[in-house]
Amino acid sequence: MTLTKISEHRCFDGTQVFYSHESVECRTEMRFSVFVPPQAQSQPVPVLYYLAGLTCTEETFMIKAGAQRVAAQLGLMLVAPDTSPRKARLPGDDASWDFGLGAGFYVDATAAPWSQHYRMYSYVTRELPEVIASLGKSRADRQGIFGHSMGGHGALVCALRNPDQYRSVSAFAPIAAPMQCPWGQKAFTGYLGADHGAWSQYDASALVARQRYERPILVDQGTADKFLTEQLKPELLEAACRQSGTTLRLRHQAGYDHGYYFISTFMEDHLRHHAQHL
Ligand SMILES: N[C@@H](CCC(=O)N[C@@H](CSC=O)C(=O)NCC(=O)O)C(=O)O
């Protein structure tokens, strides 16, 4: 595997790096970013994956979330992949901002033509951890995952489906029940076709309703989020967790919207939640 280093920057006594590589899963170039904390100079450190939302890239989190200062204190490596393949183009991939480019939804597409390249679930849960392990600075037995909106949905699904791989999970304003909202229905129809059985493998509320998750889940949700009622529906995740006896700490943050001012405000709480379990 060949990694290309796009840029490297000193940051809080650690290093902020941007990479590209040829992905086996996505069969095209993929990009990701890594914050390597100072502790990694002397020993392998826990690694926390962040999945970003619609329209974001591998840069958005590292630039806007303000996570590196506390990650450097806690000795956490941060990894943020891009939100879709971009170099291999498919017809209609830029027709809308909530499907195609920047909107991979962290699923393995089964419907043509998306199935050729849009394999973000396998990329995030299998290939990217192998790439990160090859850097030799992180502990494969200490992985956590979090994300925002579409990426909050992705993080929850990755953790719920791989409880032995991820030791911690949290989300900012996740799409809590994608089968029951317009963004999710559009994405799942396009990427997965009409098979609702396949859809339910990528719906956090459907997954947690039928299988208790043994670790605590932290979710922050702004009350002034313009997507809250139509798209995010945290109450469905709350009901599903109650059904299976899963511990969900859902915090309604008064006056906060959907953006990175909200995320950066509560970032330290999420990093400490992960550090405690990693
Ligand atoms: N273009 C859209 C807004 C898109 C948007 O809000 N994207 C969010 C994620 S939404 C769910 O996944 C985001 O994180 N944007 C990046 C940012 O820097 O805020 C519109 O017109 O409403």
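As the structure is a computational prediction, the values presented were derived from the model and not from experiment.

What counts, and at which threshold
- Residues numbered from 1 in each chain as written.
- Predicted model: local features only at pLDDT ≥ 70, side-chain atom pairs only at ≥ 80, totals over all residues.
- Heavy atoms only, no water.
- Helix = DSSP H or I, 4+ residues; strand = E, 2+ residues; numbered from the N terminus.
- Rg over C-alpha atoms; globule rule 2.2 N^0.38 Å.
- Buried < 20%, exposed > 50% of the residue type's maximum accessible area, 1.4 Å probe, protein only.
- Contact = heavy atoms within 4.5 Å.
- Lys, Arg positive; Asp, Glu negative; His and termini not counted.
- Charge placed at Lys NZ, Arg CZ, Asp CG, Glu CD.
- Pairing = 2+ DSSP bridges.
- Axes fitted to C-alpha atoms, helices over the stretch in contact; angles between N-to-C directions.
- Parallel < 35°, antiparallel > 145°, perpendicular 65-115°, else oblique.
- Left-handed = near helix turned anticlockwise from the far one by under 90°.
- Near = heavy atom within 4 Å.
- Polar contact = N/O pair within 3.5 Å; in protein donor to acceptor, adjacent residues only side chain to side chain.
- Areas by Shrake-Rupley, 256 points an atom, 1.4 Å probe, with all protein chains shown as cover.
- Nonpolar A, V, L, I, M, F, W, Y, C, P; charged D, E, K, R; others polar.
- UniProt positions renumbered as here; feature names shortened; annotations may be inferred.
- Salt bridge = Lys/Arg side-chain N within 4 Å of Asp/Glu carboxyl O.

> Looking at this model, I keep getting lost on the overall build of the chain. Mind explaining?
For the chain, the count of helices and strands is 10 helices and nine strands. For 278 residues, the compact-globule estimate of 2.2 N^0.38 gives 19 Å, and the chain sits close to it at 17 Å. If you line up the chain on its principal axes, its C-alpha atoms span 50 × 40 × 35 Å. Counting all 278 residues of the chain, 59% fall into the buried class. At a minimum sequence separation of 6, the contacts of the chain that also span at least 24 residues come to 72%. Averaged over its 26 positive side-chain charges, the chain has a centre that lies 4 Å from the centre of its 27 negative ones.

> How do you make sense of the sheet that holds strand β5 (residues 77–81) when you look at a structure like this?
Strands in a sheet are paired, the pairing made by backbone hydrogen bonds, and the direction either parallel or antiparallel. As summarised here, the arrangement of the nine strands in space is β1-β2-β3-β5-β4-β6-β7-β8-β9, forming an open sheet in which the pairing is mixed. Of all strands in the sheet, those bounded by a partner on one side alone are β1 (3–11) and β9 (248–253). Along the sheet, successive strands turn relative to each other by an average axial angle of 20 degrees, direction set aside. Relative to β5, strand β3 (residues 28–36) is paired through four bridges, and the arrangement is antiparallel. Following the sheet pairing, Ser33 is matched in β5 by Ala80. Together, β4 (45–51), β6 (138–148), β7 (166–172) and β8 (217–222) form the strand contacts of helix α4 (residues 150–161), whose direction differs from that of β6 by roughly 140 degrees.

> Would you mind going over the packing of helix α3 (residues 120–134) against α4 with me for this structure?
Axis angle and axis distance: for two packed helices, these are the angle between their axes and the distance between the axes, and together they describe the pair. Where α3 meets α4, the axes come as close as 11 Å, and the angle between the chain directions of the two elements is 60 degrees. With respect to α4, the element α3 is oriented oblique. Once α3 is placed against α4, the crossing between them reads as right-handed. Contacts between α3 and α4 involve Tyr121, Val124 and Thr125 from the first element and Val157, Cys158 and Arg161 from the second.

> How do you make sense of unusual backbone geometry when you look at a structure like this?
A cis amide bond, omega 0 degrees, links Ala112 with the succeeding residue Pro113. Mapped onto the secondary structure, Pro113 falls in the loop between β5 and α3. The backbone phi angle of Tyr106 is positive, close to 60 degrees, even though this residue is not glycine. Turning to its location among the elements, Tyr106 is positioned in the loop between β5 and α3. Its identity is not glycine, yet Ala173 carries a phi of approximately 40 degrees, on the positive side. The residue Ala173 is located in the loop between β7 and α5 (182–192) in this model. On the basis of relative accessible area, Ala173 is assigned to the buried category, the value being 0%.

> Which parts of the structure should I look at to understand the site of the ligand?
Near the ligand, the surroundings consist of 14 residues, among which Leu54, Cys56, Lys64, Ser149 and Met150 are the closest. Side-chain polar atom of His148 to an oxygen atom of the ligand: 3.5 Å apart, as the coordinates give it. Burial of the ligand by the protein chains amounts to 73% of its free accessible area of 540 Å². Of the residues belonging to the shell around the ligand, the class tally is seven nonpolar, five polar and two charged.

> Looking at this structure, I do not really get the environment of Ala254. What am I missing?
Inspection of the secondary structure puts Ala254 in the loop between β9 and α10 (260–277). By relative accessible area, Ala254 is classed as exposed at 63%. Taking the C-alpha atoms as reference, Ala254 lies 26 Å from Val208; in sequence the two are 46 residues apart.

> Explain the UniProt feature "active site" (unreviewed entry) in the chain here, please?
Taken from the UniProt record, the annotation "active site" (unreviewed entry) applies to Ser149, Asp225 and His258. On the basis of their most widely separated C-alpha atoms, the annotated residues across 110 residues gather in one place, lying no more than 10.9 Å apart. Relative to the assigned elements, Ser149 resides in the loop between β6 and α4. The exposure class assigned to Ser149 is buried, which follows from its relative accessible area of 3%.

> I keep staring at the pattern of salt bridges and nothing clicks. Help me out?
Any two side chains of opposite charge can pair, so long as their charged atoms come close to each other. What the rule picks out here adds up to 17 salt bridges. The salt bridge involving Asp98 is made with Lys186; its shortest N-O contact spans 2.6 Å. One end of the pair, Asp98, is in the loop between β5 and α3; the other, Lys186, is in helix α5, and 88 residues separate them in sequence. Given the relative accessible area of 13%, Asp98 is considered buried. Salt bridges linked by common partners bring Glu25, Asp108 and Arg119 together as one network.

> What am I meant to see in the environment of Leu135 here?
Within the secondary structure, Leu135 is located in the loop between α3 and β6. Classification of Leu135 as partly exposed rests on a relative accessible area of 24%. Spatially, the C-alpha atom of Leu135 lies 9.7 Å from that of Leu3, the residues being 132 residues apart in sequence. Residues in contact with Leu135, not counting those within four places in the same chain, are Leu3 and Tyr19.

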